[in-house]
Amino acid sequence: MTRGLLYILIALASCFPALATAQVSVPVARAASDFEIWRNEFRIKALAAGISTTTFDAAFHKVTYDPRTRTTDENQAEFVRPIWEYLDSAVSATRISTGKSKARSTYGLLRTLERKYRVDSEILLAIWGMETNFGAFRGGTYTIKALANAAHNGRRSEFAEAELLGALEILNRGDVTPSGMLGSTGGAMGHTQFMPTTYLRFGVDQNRDGQANIWSDNPADALASTANHLHDLGWEKDQPWGVEVTLPPEFNYSLIGEYEPQTATFWNARGVRTPAGDKIPNHRSIALLAPAGANGPIFAVFPNFQVIRQYNMSVSYSLAVGHLSDRINGDGPFHANWPRKDTPMTRANQHEIQTLLHERGFDVGAIDGMIGPKTIEAIQAFQVSEGVLADGYATLSLLDQLRR
Ligand SMILES: [Ca+2]
């Protein structure tokens, strides 16, 4: 069943409860009593995985069913936040200036981490700024409670259970007490919002007090752990994440796309230049991104961009981290303007674009109302077939074209 259909059934069930209840068994509707059953079953799994009874029972002492910690259902009518609005708040003037001041106040630590992990300090600062506003908003939700409710919830429960086991392992090791294990409602913890299994793999005791303490006010361990993770993902020091570019008028826009990396020579031969008019520097595998189509800023992204993408799957997040790191480093804003007058799309609009492309035989990936690299490629293929500029940008006029 598609998610869209599921929502329709839920909506029907609320209109005609007597008619529809039998057809709807929705995981999110499981009652509080059911939580106790889930916990008892999970306890057996956790003990089998090596968690001590003392750890488990202390960890779950005050953990109860809590619908507030559950992620709300995505609303199909909700407008998708345009990337420029996201970037406005992610890379705000305040955040840039706080980043510069943190660069000074943590100077010694950052130099040490640069040497030890070969990761640029600006990228650490940018991730720290994006994740928790440099430690100011680390979250006050008890991680075990957040993950237990997510695991019981049903949606992504396998992921949540694995993270919950990781969180229990952290408590089992004694790295932090239950009362100190606080973070986001999604189960992410500390200055750079590590999930428990990420902590177990990459946690570093930078200040050598015996524990990798990412929850502490002191950011040393959290930033070292983040540097360690980025190093493992393949970060290359002194290499940029990407650069804004300009394209010549005759440029073939179907070459744009995260899945279409080329060499600098290839792009330079086709007239791709930096805003200053320089050639694209040689960074091996280089893809072009046009997150708001031909009428917005366009970027050449390098291998380090893919490292940020692995750190957090979102393209908007990765662009924000990259741009924030540049701004903390003293660079200016993007040269091209965003198409701020475009009518925002709803999730339902994006879902319909995917459905119509799929019906026409284009592979959009999962039909989930989210425009990812696969859907962008499908839009470009459709645009090529229509003989229009193939920038892969999902707009209402594209939707109109598809409806015809
Ligand atoms: Ca420590």
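Refer to the preceding data block for the structure.
Per chain, the residues get numbers from 1 upward, laid out in the order the sequence is written. Local features are withheld for residues below a pLDDT of 70 in this predicted model, meaning they are given only at 70 or higher, and side-chain atom pairs are given and counted only at 80 or more; totals for whole chains, interfaces and linings count all residues.

Asker: Looking at this structure, I do not really get the overall build of the protein chain. What am I missing?
Answerer: Here a strand is any run of E in DSSP of at least two residues, a helix any run of H or I of at least four, and the numbering for each starts at the N terminus. Within the protein chain one finds 18 helices and five strands. For the protein chain, whose C-alpha radius of gyration is 23 Å, the value lies close to the compact-globule estimate of 22 Å for 404 residues. Structurally, the protein chain occupies a C-alpha span of about 70 × 65 × 35 Å along its principal axes. The contact criterion used here is simple: two residues whose C-beta atoms, placed from the backbone, lie within 7 Å are in contact. Counted over contacts in the protein chain with a minimum sequence separation of 6, partners at least 24 positions apart contribute 68%. Radius of gyration: over C-alpha atoms. The globule rule applied is 2.2 Å multiplied by the number of residues raised to the 0.38 power.

Asker: So what exactly am I meant to see when it comes to unusual backbone geometry here?
Answerer: Where the residue is not glycine, phi is negative for most of them; where a peptide bond is considered, it is trans in most cases. At Phe134, a position not held by glycine, the phi torsion is positive, near 60°. Whether a residue is buried, exposed or partly exposed follows from its count of other C-beta atoms within 10 Å of its own C-beta, namely 20 or more, 12 or fewer, or something in between, respectively; the C-beta atoms are built from the backbone. Accessibility expressed as a C-beta count within 10 Å gives 19 for Phe134, which makes it partly exposed. The phi dihedral of Gln193 falls on the positive side, at around 55°, and the residue is not glycine. Inspection of the secondary structure assignment puts Gln193 in the loop between strand S2 (182–183) and helix H11 (196–202).

Asker: Honestly, the nonpolar core in this entry has me stumped. Any pointers?
Answerer: The tendency in soluble globular proteins is for nonpolar side chains to be buried side by side. Defined on buried residues, the nonpolar core groups Ala, Val, Leu, Ile, Met, Phe, Trp, Tyr and Cys residues joined through C-beta atoms within 7 Å. Ranked by internal contacts, the top residues of the largest apolar core, which has 82 residues, are Leu124, Leu147, Leu164, Val245, Leu288 and Ala300. Ala300 has contacts with Gly242, Val243, Val245, Trp267, Val272, Ile280, Ile286 and Leu288, leaving out every residue within four places of it along the chain. With nine residues, the next largest nonpolar core counts Ile353, Leu357, Val364 and Ile371 among its residues.

Asker: I tried to follow the pairing of strand S5 (residues 298–301) on my own but got confused; where do I start?
Answerer: It is a general feature of regular strands that their side chains alternate between the two faces of the sheet. Residue alternation in S5 divides its side chains into two sets, Ile298 and Ala300 and Phe299 and Val301, and both sets are buried. Pairing between two strands requires that DSSP report at least two bridges joining them. Relative to S5, strand S3 (residues 242–245) runs antiparallel, the two sharing four bridges. Opposite Val243, over in S5, you have Ala300 as the bridge partner. Relative to S5, strand S4 (residues 287–289) runs antiparallel, the two being bridged by three bridges. Its bridge partner lying in S5, Leu289 is registered against Phe299.

Asker: Looking at this structure, how should I read the sheet that holds S3?
Answerer: In a beta sheet, neighbouring strands pair by backbone hydrogen bonds and run either parallel or antiparallel. Spatially, three strands are ordered S3-S5-S4 in an open sheet, and the strand pairing comes out antiparallel. What marks the edges here is a single partner per strand, and that holds for S3 and S4. Taking the axes of each pair of neighbouring strands and ignoring which way they run, one obtains an average angle of 30° across the sheet. Comment: axis = line fitted to C-alpha atoms, over the contacting stretch for helices; angle = value between 0 and 180 degrees taken between N-to-C directions.

Asker: Would you mind showing me how to read the packing of helix H9 (residues 143–153) against helix H10 (residues 157–173) here?
Answerer: Packed helices, taken two at a time, are described by the angle their axes make and the gap between the axes. In the contact formed by H9 and H10, the axes pass within 7 Å of each other and the chain directions differ by 150°. As judged from the angle between their axes, H9 and H10 are roughly antiparallel. Between H9 and H10 lies a crossing of left-handed hand. On H10, the residues that touch Thr143, Ile144, Leu147, Ala148, Ala150, Ala151 and Asn153 of H9 are Ser157, Ala160, Glu161, Glu163, Leu164 and Ala167. Here the contact of H9 with H10 is built from residues that sort into eight nonpolar, three polar and two charged. Relative orientations are named as follows: roughly parallel for angles under 35 degrees, roughly antiparallel for angles over 145 degrees, roughly perpendicular for angles from 65 to 115 degrees, and oblique for any other angle. Crossing handedness is defined as follows: a turn of the near helix away from the far one that is anticlockwise and smaller than a right angle gives a left-handed crossing, while the clockwise case is right-handed. Residue type decides the class: Asp, Glu, Lys and Arg count as charged, Ala, Val, Leu, Ile, Met, Phe, Trp, Tyr, Cys and Pro as nonpolar, and the leftover types, Gly among them, as polar.

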